[in-house]
Amino acid sequence: MATARPRSARTVAVAAGLLTSALLLTGCGAIVDSVFGPAEAQRDEPGGEVTAASDADVFSIQVGDCVNEAAPAETEEAVEYESLPVVPCADPHTGEVYAEHELPAGDFPGDQAVSDTGMEHCYSVFEEFVGLAYEESTLEFWAMFPSKESWDMADDRTVQCFVGPVEETVTGTLKGAAI
């Protein structure tokens with residue numbers, strides 16, 4: 001079966017949120033973040049809209065959230081994130097989480113299988129969200145996937161799909177934007 005590989009899709013892996021190396025930092029916030037990791041996104045209510053710009057733990061990001069993290073450059077290596085900068089969607093931003101896909105339980109199927117499944121899902125729901133086929137759109141999409149570590153240690157099975165402009169920022173949602 002052929003895998004759909006859209007023209008500018010990028011692959012990103014989600015980090016398990018583990019501490020990689022402890023650096024001695026000044027300031028309580030930096031020390032707390034280095035010990036406990038980044039905080040959840042600030043919301044108007046649990047599960048609601050982001051109300052303030054902040055670095056949010058990747059596991060707290062949800063469909064409808066807007067981020068200031070452009071699609072990573074295409075490389076052979078995945079980029080791991082522990083946090084992403086989130087903003088209220090009314091503020092200028094570079095991307096929006098437009099869909100999620102839960103992968104089945106079981107052993108980690110491998111980076112390529114997770115990537116292929118995730119990108120296929122993001123591609124398949126792009127037109128429904130944006131209101132225009134991907135090939136006709138000026139927008140690009142990218143995805144965050146579970147890494148082997150987050151799969152095994154955090155039971156992470158979620159692929160998140162992001163959409164955004166190629167080189168600029170937008171305000172508001174891209175739902176139904178048809179651009």
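None of these values were measured; they are calculated from a predicted model.

Cut-off values and rules
Residues numbered from 1 in each chain as written. Predicted model: local features only at pLDDT ≥ 70, side-chain atom pairs only at ≥ 80, totals over all residues. Heavy atoms only, no water. Pairing = 2+ DSSP bridges. Helix = DSSP H or I, 4+ residues; strand = E, 2+ residues; numbered from the N terminus. Phe/Tyr/Trp six-rings, centres within 6.5 Å; stacked < 30°, edge-to-face > 60°. Lys NZ or Arg CZ within 6 Å of the ring centre and 35° of its normal.

As for the pairing of strand β6 (residues 95–102)
No. 1: Across two bridges, the pairing between strand β3 (residues 66–67) and β6 is antiparallel. Bridge pairing in β6 places Val67 opposite Gly95.
No. 2: Across six bridges, β6 lies against strand β8 (residues 158–165) in antiparallel orientation. Opposite Val97, over in β8, you have Phe162 as the bridge partner.

Observations regarding the packing of aromatic side chains
No. 1: Applying the stated rule across the entire model yields nine aromatic pairs.
No. 2: Relative to Phe129, the ring of Tyr98 lies with its centre 5.4 Å away and its plane at 35°, an arrangement referred to as tilted. Here Tyr98, found in strand β6, pairs with Phe129, found in helix α2 (residues 111–130); they are 31 residues apart in sequence, far enough to count as distant.
No. 3: Feature note: the residues Tyr98, Tyr123, Phe126, Phe129, Tyr134 and Phe141 constitute an aromatic cluster, connected by ring pairs.
No. 4: Between Arg157 and the ring centre of Trp151, over which it is positioned, the NZ or CZ distance is 3.8 Å.

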